[in-house]
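Listed here are the chains, written in short residue letters.
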Amino acid sequence: KYPAGSDQVTKNVTRTVQYVDENGNKVSESVEQTVNFTAEGILDKVTGQWTTPLTWSIDQTVSAVKSPVIDGYHLVNVDRDAAGNDVKGVTLTHDDNSYTVTVKYAKNGKIIPVDPSGKPIPNVPTPQYPTDPSDPAKVTPNEPVPTIPGYTPETPTVTPDKPGEDT
């Protein structure tokens, strides 16, 4: 006779870091970090009772995960275990449950050339801001505006205040 749960002397805890856009679509491969715990105790095989409390293996740490730079997107937020724009390393115990950290990204804005009255010029390039390679939450500053025949730009380069807005 064995007590309910007497076979539960191992446990895996997984932290999954997922990268999604504002609609929940995957924009980069997830990172899974799994730790394994084991328990020991003495079981009375006649009564089916633990004669000692279960002793679990020591707490384990999962390492920090650097958020990737994703072309065409800027990082908006990290929903838990945040360390700035990255996911910090944490210590997990056998009491923890598996969980997911969501790192959300949004599309970068575009440069929209306008005429002197402020109206968009039709049929001209509208380049999207590139993501800053050194900071996934920003776009590259001082982006050159497109060359448009018959127009001279008032501003030769643009740096948006908000990376997701068209300028």
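Preceding block: the structure.
Quick caveat: nothing in here was measured; it's all calculated off a predicted structure.

S.K.: Can you lay out the sheet that holds strand S11 (residues 99–107) for me, pointing to particular residues and giving the numbers?
M.R.: The strands making up a sheet associate through backbone hydrogen bonding, with each pair oriented either parallel or antiparallel. Read across the open sheet, the five strands follow the order S5-S2-S1-S11-S7; overall the sheet is mixed. Only two strands of the sheet have a single partner each, and these edge strands are strand S5 (55–56) and strand S7 (73–78). Pairing analysis gives two bridges linking strand S2 (residues 26–40) to S5, with the strands arranged antiparallel. Across the sheet, residue Glu40 finds its bridge partner in S5, namely Thr55.

S.K.: Report on the layout of surface pockets, specifying residues and quantitative values.
M.R.: The space that makes up the largest pocket amounts to roughly 460 Å³. Along its surface, the largest pocket is lined by 18 residues, and Pro113, Val114, Pro153, Glu154 and Thr155 are the ones closest to its centre.

S.K.: How would you explain the pairing of S11 if you had to name every residue and give the values?
M.R.: Here six bridges tie strand S1 (residues 10–20) to S11, and the two strands are oriented parallel to one another. Paired with Val17 across the two strands is Val101, which belongs to S11. By the bridge criterion, five bridges tie S7 to S11 in an arrangement that is antiparallel. Bridging across to S11, Tyr73 finds its partner in Lys107.

S.K.: Could you give an account of the side chain of Gln33, naming the residues involved and the relevant values?
M.R.: Structurally, Gln33 is set in strand S2. Separated by 2.9 Å, the side chain of Gln33 and the backbone oxygen of Ser63 make a polar contact. The residues contacting Gln33, other than those within four sequence positions of it, are Val13, Thr14, Arg15, Val62, Ser63 and Val65.

S.K.: Report on the pattern of salt bridges, specifying residues and quantitative values.
M.R.: A side chain of one charge can pair with a side chain of the opposite charge if their charged atoms are brought near each other. For the structure shown, the criterion picks out four salt bridges. A salt bridge links Lys162 to Glu165, with the nearest nitrogen and oxygen atoms 3.9 Å apart.

S.K.: Requested: an account of the environment of Thr167, with residues and values cited.
M.R.: The topology assignment puts Thr167 in the segment after strand S13 (157–158). Judged by its relative accessible area of 42%, Thr167 falls in the partly exposed class. Considering only alpha carbons, one finds Thr167 and Ile111, 56 residues apart in sequence, at a separation of 5.0 Å. Setting aside residues up to four positions removed in sequence, Thr167 forms contacts with Lys110, Ile111, Ile112, Tyr129, Val158 and Pro160. Among the polar contacts listed, one links the side chain of Thr167 to the side chain of Tyr129, at a separation of 3.0 Å.

S.K.: So what about the side chain of Asp21? Which residues, and what values?
M.R.: Relative to the assigned elements, Asp21 resides in the loop between S1 and S2. Lys107 is the oppositely charged side chain nearest to the buried, salt-bridge-free Asp21, at an N-O distance of 6.6 Å. Within polar-contact distance, the side chain of Asp21 engages the backbone nitrogen of Asn23 at 2.9 Å. Not counting chain neighbours up to four residues away, the residues in contact with Asp21 comprise Val27, Tyr73, Lys104 and Tyr105.

S.K.: How would you explain the packing of aromatic side chains if you had to name every residue and give the values?
M.R.: Summed over all chains, the structure comprises one aromatic pair. Directly above the ring of Tyr99 sits Arg80, whose terminal nitrogen or CZ lies 3.7 Å from the centroid.

S.K.: Pulling in residues and values, what's your account of the environment of Ser98?
M.R.: Looking at the element boundaries, Ser98 is found in the loop between strand S10 (90–92) and S11. On the basis of relative accessibility, which here comes to 45%, the residue Ser98 falls in the partly exposed class. In sequence terms Ser98 and Val17 are 81 residues apart; their C-alpha atoms lie 11 Å from each other. Setting aside anything within four residues of it in sequence, one finds Ser98 in contact with Asn12, Val13 and Thr14. At 2.9 Å, the side chain of Ser98 and the backbone nitrogen of Thr14 are in polar contact.

What counts, and at which threshold
Residues numbered from 1 in each chain as written. Predicted model: local features only at pLDDT ≥ 70, side-chain atom pairs only at ≥ 80, totals over all residues. Heavy atoms only, no water. Pairing = 2+ DSSP bridges. Helix = DSSP H or I, 4+ residues; strand = E, 2+ residues; numbered from the N terminus. 1 Å grid on protein atoms, 1.4 Å probe; cavity = no way out; pocket = protein on both sides within 12 Å on 5 of 7 lines; lining within 4 Å. Points joined across faces, edges and corners; volume = space filled by probe spheres on them. Polar contact = N/O pair within 3.5 Å; in protein donor to acceptor, adjacent residues only side chain to side chain. Contact = heavy atoms within 4.5 Å. Salt bridge = Lys/Arg side-chain N within 4 Å of Asp/Glu carboxyl O. Buried < 20%, exposed > 50% of the residue type's maximum accessible area, 1.4 Å probe, protein only. Lys, Arg positive; Asp, Glu negative; His and termini not counted. Phe/Tyr/Trp six-rings, centres within 6.5 Å; stacked < 30°, edge-to-face > 60°. Lys NZ or Arg CZ within 6 Å of the ring centre and 35° of its normal.

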